[in-house]
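The chain contents come next:
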Amino acid sequence: MQWCNHHSLDLQAQAILPSQPPDLLEPAGGNMGDTGLRKRREDEKSIQSQEPKTTSLQKELGLISGISIIVGTIIGSGIFVSPKSVLSNTEAVGPCLIVWAACGVLATLGALCFAELGTMITKSGGEYPYLMEAYGPIPAYLFSWASLIVIKPSSFAIICLSFSEYVCAPFYAGCKPPQLVVKCLAAAAILFISTVNSLSVRLGSYVQNIFTAAKLVIVAIIIISGLVLLAQGNTKNFENSFEGAQLSVGAISLAFYNGLWAYDGWNQLNYITEELRHPYRNLPLAIIIGIPLVTACYILMNVSYFTVMTATELLQSQAVAVTFGDRVLYPASWVVPLFVAFSTIGAANGTCFTAGRLIYVAGREGHMLKVLSYISVRRLTPAPAIIFYGIIATIYIIPGDINSLVNYFSFAAWLFYGLTILGLIVMRFTRKELERPIKVPIVIPILVTLISVFLVLAPIISKPAWEYLYCVLFMLSGLLFYFLFVHYKFGWAQKISKPITMHLQMLMEVVPPEEDPE
């Protein structure tokens, strides 16, 4: 019965839409000049809006946008924050650089496994549909629960907090910015990014491409400066680079946690498979070009840092990139916090762009509130999902302790990465009939699964912390919601959700997707 209501609303929405005046269809922030061209664009928009395919996600993204999303999401706040944490765990320059390279190799191998999964099961939502195919609804539900409430919002919150700290730094030279200022600015960043992604798929990817260009500029400035200094003979910090290295199992695993935080995003393109043109060609190409590019940048950036700072100085620095800028680019050192801010907001945009799709797919499968899977009639974006995600991320900013959020995040994320790649091995035997346009050697998923087990267990064994226990309990608490609302579908729950869904649908002008993409 619920579907009938939605369907009638769907038809009403499509009947109403063409009769709206064209200026209501104008994108936000349109140019005041060139009214003739704008009018023509508006006419095209209103013609598009009458086509029957309007309420499904459109294939708008090419190879360049794919690479931009990978590079843009990986190079975020991580490379400007993590070098300190990686070095503090390895305590020497040599092992530190090896950990950065190893993290890049692991991310590339993981992404290649995800490329096989992504071309075998071409549905948006990243790990979600893969876990669904491999193990059934319960692990998939737990992943969507953990992602929507813990993994994605905490990572979005961490990135936006890092962004606001870098933006505030020049205004509070020599002291720490007030927490209230940092948190308000982070909340404003979340609001801005959620708004952009709710308005337009194309606008979201344009913002991504612009910020990726800005961030590659700062990466290039740091790398070129470092190489020039290296050529001038600033190599004394690389002498005896393995001296005093601390290489216990616990220290290595924590160094990997921090390094991999900087690489997180290597699986992001799989969230938007439905919107990618020629996914069989573009998905693996974007991975093979994007991640090695990032790895090379990260290693060269670390080398650049060490040309001007000793290991001890790097550990004492409040913000590594800013210290580098002060020493190397002095009159123009303000460039560094500015471009780092661009870099982090680009990463936050990429995360929001893809996580909105995850909620959309979970809602479509009936694992989240139905209204979250709906698509905006005017904008053709999963607006309710993106708005929901922005609200949760804003709540995370209030307590806002970056270190504990990173621990939470890494533990939960690698638990599910490991499960997903194990699912790839399982499906080689249980789902032999599925077509695999890309097929990786079985050794790669086995290796990545073993490393994931190590990454999840080693920190707990070497340095137990309450947050790991809380994380497990929180993820398992999702089972309670699963059996109450998804599996048994109690009548009283339906009575509450049905009117809420209808009112939100009318308020936000959203309708169910017209067909489930296969």
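Here the structure is a predicted model, which means the values were calculated and not measured.

Calculation criteria
- Residues numbered from 1 in each chain as written.
- Predicted model: local features only at pLDDT ≥ 70, side-chain atom pairs only at ≥ 80, totals over all residues.
- Heavy atoms only, no water.
- Axes fitted to C-alpha atoms, helices over the stretch in contact; angles between N-to-C directions.
- Helix = DSSP H or I, 4+ residues; strand = E, 2+ residues; numbered from the N terminus.
- Parallel < 35°, antiparallel > 145°, perpendicular 65-115°, else oblique.
- Left-handed = near helix turned anticlockwise from the far one by under 90°.
- Contact = heavy atoms within 4.5 Å.
- Nonpolar A, V, L, I, M, F, W, Y, C, P; charged D, E, K, R; others polar.
- pLDDT = per-residue confidence, 0-100.
- Patch = residues over 30% accessible without salt bridge, like charges linked within 9 Å, V, L, I, M, F, W, Y side chains within 5 Å.
- Areas by Shrake-Rupley, 256 points an atom, 1.4 Å probe, with all protein chains shown as cover.
- Salt bridge = Lys/Arg side-chain N within 4 Å of Asp/Glu carboxyl O.
- Buried < 20%, exposed > 50% of the residue type's maximum accessible area, 1.4 Å probe, protein only.
- Disulfide = S-S within 2.5 Å.

Asker: How do you make sense of the packing of helix 7 (residues 137-168) against helix 8 (residues 179-199) when you look at a structure like this?
Answerer: The angle between the axes and the distance between the axes are what describe a pair of packed helices. Contact pair helix 7 / helix 8: the axes reach a minimum separation of 8 Å and the direction vectors enclose 120°. Between helix 7 and helix 8, the angle is such that the two are oblique. Helix-helix and strand crossings are classified by hand; for helix 7 and helix 8 the assignment is right-handed. For the pair helix 7 and helix 8, contact is made by Phe156, Cys160, Leu161, Phe163, Ser164, Glu165, Val167 and Cys168 and by Val181, Val182, Lys183, Leu185, Ala186, Ala189, Ile190, Ile193 and Ser194, respectively. For the contact of helix 7 with helix 8, the residue count by class is 13 nonpolar, two polar and two charged.

Asker: Explain the packing of helix 3 (residues 63-74) against helix 11 (residues 279-308) here, please?
Answerer: Viewed as axis vectors pointing N to C, helix 3 and helix 11 meet at an angle of 35°, and their least axial separation amounts to 9 Å. Where helix 3 crosses over helix 11, the two elements pack in a sense that is right-handed. Residues Leu63, Gly66, Ile67, Ile70, Val71 and Ile74 of helix 3 lie in contact with helix 11, whose contacting residues are Asn282, Leu285, Ala286, Ile287, Ile289, Gly290, Ile291, Leu293, Val294 and Tyr298.

Asker: Is there a simple way to explain the confidence of the model for the chain in this structure?
Answerer: A low pLDDT score tells you not to read the predicted coordinates there in detail. Predicted confidence across the chain gives a mean pLDDT of 81, with 87% of residues reaching 70 or more. Confidence drops under pLDDT 50 across residues 1-54; counting only partners more than four residues distant or on other chains, this segment forms 50 contacts.

Asker: Where do I start with a nonpolar patch on the surface in this structure?
Answerer: On the surface, Ile138, Leu480, Phe481, Phe483, Phe485, Tyr488, Phe490, Trp492, Ile496 and Ile500 cluster together into a nonpolar patch covering about 970 Å² of accessible area. Elements with a contribution of two residues or more to the nonpolar patch: helix 18 (466-487) and helix 19 (491-508). For the nonpolar patch, the element with the most residues is helix 18, which contributes four residues. By the secondary structure assignment, tyrosine 488 is in the loop between helix 18 and helix 19.

Asker: I tried to follow unusual backbone geometry on my own but got confused; where do I start?
Answerer: The phi angle at asparagine 240 is positive, at roughly 50°, despite the residue not being glycine. Positionally, asparagine 240 belongs in the loop between helix 9 (201-231) and helix 10 (249-263). Positioned with a positive phi, leucine 380 is a non-glycine residue whose angle comes to about 55°. Inspection of the secondary structure puts leucine 380 in the loop between strand 1 (375-376) and helix 15 (383-397).

Asker: Looking at this model, I keep getting lost on the pattern of salt bridges. Mind explaining?
Answerer: All chains considered together, the criterion is met by seven salt bridges. For glutamate 60, the salt bridge is made with arginine 202, and the minimal N-O distance between the two is 2.8 Å. Of this pair, glutamate 60 sits in the loop between helix 2 (35-50) and helix 3 while arginine 202 sits in helix 9, and the two are 142 residues apart along the sequence. Between arginine 327 and glutamate 313 there is a salt bridge; the shortest N-O distance is 3.2 Å. You can see arginine 327 sitting in helix 13 (residues 320-328) and its partner glutamate 313 sitting in helix 12 (residues 311-316), a full 14 residues away along the chain. Given the relative accessible area of 32%, glutamate 313 is considered partly exposed. Here the residues in one salt-bridge network are Glu116, Arg428 and Arg436, joined through shared partners.

Asker: Even after reading the chapter, I still don't get the state of the cysteines, so can you show me in this structure?
Answerer: Applying the stated criterion to the full structure yields zero disulfides. Cysteine 352 provides the cysteine sulfur closest to cysteine 160, a residue in no disulfide bond, and the two sulfurs are 8.9 Å apart. For cysteine 160, a relative accessible area of 1% corresponds to the buried category.

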